[in-house]
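Notes for the structure review
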Amino acid sequence: MYKRYKLLFISASSRSGGGPSHIFNLKNLLEEEFNIFYAMPKIEDFDEKIYNEKHLYIKERTLSIVDIIRIIVFSRTHSTDLI
């Protein structure tokens, strides 16, 4: 058995098209081989697709130093391999 690498996707957009749609398309393609985590704003259209323990809520369209620190802590806590 091989190690399932952990990926962290980051998006500062909460619009249902564009970046978040692309991230969830990647999730659908990669979820059998990788553990997927998210750092993104709350997205109403995709809430059913996100597991709470795998999702870090960050501010929309703004990346503050606090959010960067939270992403680092989240990444280390979950031992992500690739961001």
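The notes below deal with the structure included here. (Residues numbered from 1 in each chain as written. Predicted model: local features only at pLDDT ≥ 70, side-chain atom pairs only at ≥ 80, totals over all residues. Heavy atoms only, no water.)

Moving on, we come to a nonpolar patch on the surface. On the surface, a nonpolar cluster with roughly 630 Å² of combined accessible area is contributed by L63, I65, V66, I68, I69, I72 and V73. By secondary structure assignment, the location of L63 is in the loop between β3 (55-57) and α2 (65-77). Overall, L63 belongs to the partly exposed group, its relative accessible area being 49%. (Patch = residues over 30% accessible without salt bridge, like charges linked within 9 Å, V, L, I, M, F, W, Y side chains within 5 Å. Areas by Shrake-Rupley, 256 points an atom, 1.4 Å probe, with all protein chains shown as cover. Salt bridge = Lys/Arg side-chain N within 4 Å of Asp/Glu carboxyl O. Helix = DSSP H or I, 4+ residues; strand = E, 2+ residues; numbered from the N terminus. Buried < 20%, exposed > 50% of the residue type's maximum accessible area, 1.4 Å probe, protein only.)

A separate point is the pattern of salt bridges. Within the structure shown, the criterion is met by 3 salt bridges. Put simply, E31 and K27 hold a salt bridge, and the shortest N to O gap is 3.0 Å. Among the residues examined, E31 registers a relative accessible area of 35% and is labelled partly exposed. Residue classification places K27 among the buried positions, given a relative accessible area of 10%.

Moving on to unusual backbone geometry. Even without glycine at this site, S79 takes up a positive phi of about 50 degrees. Counting through the fold element by element, S79 comes out in the segment after α2.

By size, the foremost hydrophobic cluster in this structure holds 8 residues: L7, F9, I23, F24, I36, Y38, M40 and I43. Residue assignment for this core shows that the elements contributing at least two residues are β1 (6-10), α1 (19-30) and β2 (35-40). With residues near it in sequence (within four places) discarded, F9 still touches I23, L26, L30, I36, F37, Y38 and A39. Of all hydrophobic cores here, the second largest spans 7 residues; its members include L8, F37, L56 and I58. (Core = buried A, V, L, I, M, F, W, Y, C linked by side-chain atoms within 4.5 Å. Contact = heavy atoms within 4.5 Å.)

Note on helix geometry: an α-helix contains 3.6 residues per turn, so any two residues three or four positions apart are oriented the same way. Compared with an ideal rise of 1.5 Å per residue, which puts 13 residues at 18 Å, α2 spans 18 Å between its outermost C-alpha atoms and is within 8% of the ideal. Restricting attention to buried positions, one finds in α2 the residues D67, I71, F74 and S75. Along α2, the residues classed as buried sweep out an arc of 100 degrees about the axis, all on the same side. Of the exposed residues in α2, those oriented more than 90 degrees away from the buried face are I65, V66, R76 and T77. The elements touched by buried residues of α2 are β1, β2 and β3. (Expected span 1.5 Å × (residues − 1). Arc of directions from axis to C-beta.)

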